[in-house]
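Reading the structure
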Amino acid sequence: MFYIHRFFLLFFLAFLSLEPARADSVHWGIAKNESGQIVYTERHSIFLVNGVLQKSETEYYDPLRKKKFATLFSDYTRSLVMPTYEFKDLRTGYREGLRYSDGGYVVYFQKPKQPEKTKKLKGDESIFSCQGWHYYLIENLK
């Protein structure tokens, strides 16, 4: 009997470890075209550690929120205004982003069924990436 209880306890703990991290804040956005029709909706989740932004995840959905068609993952641990990120178009397989590698930033993109193309940035001062521009404006327009 002890082994059965132990099995269920281990199973339960394993199940909990598979649960995704809960966002500290979630915001929904709606994108409309010039005619006012909804083109897509987005779910933006932010994750904090001790009140400091660490990462964000944006999921893009069709207008009825039935099908996710793209994702954007941003990591702010290196810089709030220049997060590393990856955008993926789930419909086509296209992806692009910014990563930190070998002491510098590298931009990249990859079209479906083609090799990834990369270019190392020459400097990172006064450069913003992805959603970093948003956080730069918030900090500097107070």
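Coordinates for the structure precede this section.
Residues numbered from 1 in each chain as written. Predicted model: local features only at pLDDT ≥ 70, side-chain atom pairs only at ≥ 80, totals over all residues. Heavy atoms only, no water.

This paragraph deals with the overall build of the protein chain. Counting its regular elements, the protein chain contains two helices and eight strands. Helices and strands in the protein chain line up, N terminus first, as α-β-β-β-β-β-β-β-β-α. For the protein chain, buried positions account for 25% of its 142 residues. Carbon and sulfur atoms make up 57% of the accessible area of the protein chain, which totals about 10600 Å². (Helix = DSSP H or I, 4+ residues; strand = E, 2+ residues; numbered from the N terminus. Buried < 20%, exposed > 50% of the residue type's maximum accessible area, 1.4 Å probe, protein only. Areas by Shrake-Rupley, 256 points an atom, 1.4 Å probe, with all protein chains shown as cover.)

A few words on unusual backbone geometry. Look at asparagine 50: it is not a glycine, yet its phi comes out positive at around 55°. Relative to the elements of secondary structure, asparagine 50 occurs in the loop between strand S2 (38–49) and strand S3 (52–61).

To continue, consider the pattern of salt bridges. Counted according to the given criterion, the structure contains seven salt bridges. The salt bridge involving arginine 91 is made with aspartate 89; its shortest N-O contact spans 2.9 Å. The shortest N-O distance in the salt bridge between arginine 95 and glutamate 116 comes to 2.4 Å. Pair noted here: arginine 95 is in strand S6 (residues 95–101) and glutamate 116 is in the loop between strand S7 (104–110) and strand S8 (117–120), with a separation of 21 residues, a long-range link. (Salt bridge = Lys/Arg side-chain N within 4 Å of Asp/Glu carboxyl O.)

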